[in-house]
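# Structural overview
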Amino acid sequence: MSAVDQPLLRVESLTRYFGARAACRDVSFDLWPGEVMGVVGESGSGKTTLLNCLSARLRPDAGRVLYQTRHEGVVDIYDLREAERRLLMRTDWGLVHQNPRDGLRMGVSAGANIGERLMAVGARHYGEIRDAASAWLGRVEIDLSRIDDRPRAFSGGMQQRLQIARNLVTAPRIVFMDEPTGGLDVSVQARLLDLLRELVRELHLSVVIVTHDLAVVRLLAHRLLVMRQGEVVEAGLTDQVLDDPQHPYTQLLVSSVLQA
Amino acid sequence: MNELALEVGGLAKRFRLHTQGGVEIEVFRDLDLAVRAGECVALHGPSGCGKSTLLRALYANYAVDAGSIRVRHAKGWADMARAEPRAILDVRRRTMGYVSQFLRVIPRVPALEIVAEPLRQRGIAAEEAHSRAGAMLARLNVPERLWGLAPATFSGGEQQRVNIARGFIAEMPILLLDEPTAALDAANRAVVADLILERKRAGTAIVGIFHDAEIRAQVCDRLFEIAPFKVAA
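Residues numbered from 1 in each chain as written. Chains lettered and ligands numbered in written order. Predicted model: local features only at pLDDT ≥ 70, side-chain atom pairs only at ≥ 80, totals over all residues. Heavy atoms only, no water.

## Some words on the UniProt feature "domain: ABC transporter" (unreviewed entry) in chain A
We apply this condition: UniProt positions are given in the numbering used here, feature names are shortened, and annotations may be inferred rather than shown by experiment. The way it works is that DSSP assigns letters per residue, a run of H or I at least four long becomes a helix, a run of E at least two long becomes a strand, and they are numbered from the N terminus.
As annotated by UniProt and renumbered to match this structure, "domain: ABC transporter" (unreviewed entry) occupies residues 9-254 of chain A. Taken end to end, residues 9-254 of chain A is 40% helix and 26% strand, and its two terminal C-alpha atoms sit 28 Å from one another.

Encoded structure:
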């Protein structure tokens, strides 16, 4: 079987407790190359806990996260040594935080924010790093004249686009996103969504995107998990789940959205 | 006779409205339908009988409760009633197109891009996709000055023509059409009729809802009656 015929990520019965409460219980799914999966649900439904477990930042109490590596077959990410896991996070995986401040280094320039991730995987040639940083600034629609400015001087939307560039510069295969459009104005959101759609298609990225915004997943996600009280109550093709929801909770969620 | 393109067997659909006291609405049951390549079937029946629901179920936009929706796809068959999301999306990318009544506009994305997208999804280069999209929009009399604009502000008829262009450009083997001419004037209705006849000659199997009797007579080979469902006592 070639790698294309296998899921990139296989999640088996993932469970994580906080005290006696299961923040996330018995979640299983496969994520395929090029597939964008949305995780929706209200605050406290466990979607962020799930994302943290998936992205190697929170060890689950039970279950496995199996990753199809480029060259070394399938690994359980929690069986890796800490250094190996960190390398994976810096190369094959990306993580886009809701608040760009959590994903950027605010004290160094925009160019350095992008270049830093390349240097972490061994790039040393200054000219090449700067060229890559410039190219990525262009792709995320940030004016090149801002390359030496610190992200502090950027608007929220620009910071978010910079965070995305920083993640994508190492050509990751999976990107985890936590409410990436969360704190942004509606017009800025639309631009960011448009950019993400384009990048996901061009780079054939696999994405897990957590959001409470159903309009965001309708535009971006191929399929959905709907979570409630730590459990997946419904899963399937995005437009089918949104247009013909089966579970009472999903019906409530969909019918509660205000039409603009 | 041409080969089968679409075969529906024992299809059943009911809606359960959990937020409205658990009301159940049964739409159809034991529905069978077979459509051959090059054939155009018009769904028929009174308003509310489930024509659009059936069309959406064929596209897997609605879930079904029983039965199969077999689609000739990639040298084999795919069952839209049961397939995994990525398999359904692959059918939609390469085999089955759907022209809904209303265009779901994407903020900021210009008309030309919306029309070109089905080609881009199949890996056709931007330049060729855009030039084919432009030709299709021109054929449907969408003025060139609108191509670079997002269709949110277009008239109903213009939006529908963008939608039709998007649906027809990919030359899918199966097309689902939900009232494709509802908001169009006579000249544009004629263009759509031509497009449909052209696709039929190329072997596309078409299932549609056509309220316009003239169009229906012109493009459809037969009617498929959705019998009003009687709720069992």
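Once you've had a look at it, read on.
## Topic: the pairing of strand β2 (residues 21-31) of chain A
Residues and elements named next belong to chain A. To keep things clear, this is the line we draw: Pairing between two strands requires that DSSP report at least two bridges joining them.
Here strand β1 (residues 9-18) pairs with β2 via 7 bridges, running antiparallel. Pairing of Y17 across the sheet is with A22, part of β2. Counting the residues that bridge the hairpin from β1 to β2 gives 2 residues, and of these G19 lies at a positive phi of roughly 65°.

## Description of the interface of chain A and chain B
Rule in force here: The criterion used for residue contact is that any of the two residues' heavy atoms lie within 4.5 Å. Buried area counts how much accessible surface, traced with a 1.4 Å probe, disappears from two parts once they are put together, with both parts' losses summed. Each salt bridge in this description consists of a side-chain nitrogen of Lys or Arg and a carboxyl oxygen of Asp or Glu lying within 4 Å of one another. Whenever a nitrogen or oxygen atom comes within 3.5 Å of another N or O atom, the pair is scored as a polar contact, on the condition that within protein one atom can donate a hydrogen and the other can accept it, and that pairs from neighbouring residues in sequence are kept only if both atoms are in side chains. Each residue gets one label: Ala, Val, Leu, Ile, Met, Phe, Trp, Tyr, Cys and Pro are nonpolar, Asp, Glu, Lys and Arg are charged, and the others, such as Gly, are polar.
In this complex, chain A contributes 25 residues to the contact, which on the side of chain B involves 24 residues. Here chain A meets chain B over a buried area of about 2200 Å², counting both sides, of which 50% is carbon and sulfur. Area buried by chain A at its contact with chain B is led by R201, L237 and D244 of chain A, which between them contribute 24% of it. Along the contact surface separating chain A from chain B lie 7 salt bridges. In this structure, R197 of chain A and E117 of chain B form a salt bridge, with 3.0 Å as the shortest nitrogen-oxygen distance. For the interface between chain A and chain B, the tally reads 11 residue pairs in polar contact (both at pLDDT 80 or more). When residues of the side of chain A that touches chain B are traced back to their parent elements, those giving at least two are α7 (186-203), α8 (214-220), β10 (231-237), α9 (238-243) and α10 (248-255) of chain A. Examining the composition of the side of chain A that touches chain B, we find that 6 residues originate from one element, α7 of chain A, more than from any other. Counted by class, the side of chain A that touches chain B contains 6 nonpolar, 7 polar and 12 charged residues.

## Some thoughts on the pattern of salt bridges
For side chains of opposite charge, pairing can occur when their charged atoms come near one another. Rules: The buried label goes to any residue with under 20% of its type's maximum accessible area, the exposed label to any with over 50%, and the partly exposed label to all in between, with areas taken from a 1.4 Å probe on protein chains only.
Overall, the coordinates contain 40 salt bridges over all chains when judged by the stated rule. Two residues, R25 of chain A and E231 of chain A, come together in a salt bridge whose shortest N-O distance is 2.8 Å. Residue R25 of chain A is found in strand β2, and its partner E231 of chain A is found in strand β10; the two are separated by 206 residues along the sequence. For R25 of chain A, a relative accessible area of 36% corresponds to the partly exposed category. Classification of E231 of chain A by relative accessible area gives partly exposed; the value is 34%. When the shortest N-O distance is used, the salt bridge between E39 of chain B and R222 of chain B registers 2.7 Å. Here the residue E39 of chain B occupies a position in the loop between β2 (23-36) and β3 (40-44), and R222 of chain B occupies one in strand β9 (residues 222-225), the gap between them amounting to 183 residues. Classification of R222 of chain B as partly exposed rests on a relative accessible area of 31%.

## A closer look at the confidence of the model for chain B
Defined as follows: On a scale of 0 to 100, pLDDT captures the predictor's confidence in every residue.
When pLDDT is averaged across chain B, the result is 93; 97% of the residues are at 70 or more. Across the predicted assembly, pTM comes out at 0.93 and ipTM at 0.93.

## Overview of the environment of L199 of chain A
Residue and element names in this part refer to chain A. Topologically, L199 is positioned in helix α7. Spatially, the C-alpha atoms of L199 and S134 are 17 Å apart, while their sequence positions differ by 65 residues. Beyond its immediate chain neighbours, meaning those up to four positions away, L199 contacts W136, R139, I164, L168, H204 and L205.

## Observations regarding the packing of aromatic side chains
All names here are of chain A. Convention followed: Stacked, tilted and edge-to-face pairs are distinguished by plane angle, under 30 degrees for stacked and over 60 for edge-to-face with tilted covering the rest, among Phe, Tyr and Trp rings (Trp via its six-membered ring) whose centres lie within 6.5 Å.
Inspection of every chain in the model, using the stated rule, returns 4 aromatic pairs over all chains. On the basis of an interplanar angle of 90° and a centroid distance of 5.3 Å, the ring pair of Y67 and W93 is categorised as edge-to-face. Here W93 lies in strand β6 (residues 93-96) and Y67 lies in strand β4 (residues 62-68), a separation of 26 residues in the sequence. Classification of Y67 as buried rests on a relative accessible area of 0%. Residue classification places W93 among the buried positions, given a relative accessible area of 0%. Members of the aromatic cluster, each reached through a chain of ring pairs, are Y67, W93 and F176.

## Comments concerning the pairing of β6 of chain A
Residue and element names in this part refer to chain A. Residues W93 and L95 of β6 are buried on one face, and the alternating residues G94 and V96, pointing to the opposite face, are buried as well. Sheet topology note: the β6/strand β7 (residues 174-178) ladder contains 4 bridges and is parallel. If you follow V96 over to β7, its bridge partner there is M177.

## Observations concerning α7 of chain A
An α-helical segment advances 3.6 residues per turn. Residues three or four places apart therefore align on the same side. Residues and elements named next belong to chain A. Basically, it comes down to this: To estimate the expected span of a helix, count its residues, drop one, and scale the result by 1.5 Å.
Taking 1.5 Å of rise per residue, the 18 residues of α7 would be expected to cover 26 Å, and the 26 Å separating its terminal C-alpha atoms lies within 8% of that figure. Listing the buried residues of α7 in full gives Q189, A190, L192, L193, D194, L195, L196, R197, L199 and V200. Within two residues after α7, H204 carries a phi angle of roughly 55°, on the positive side.

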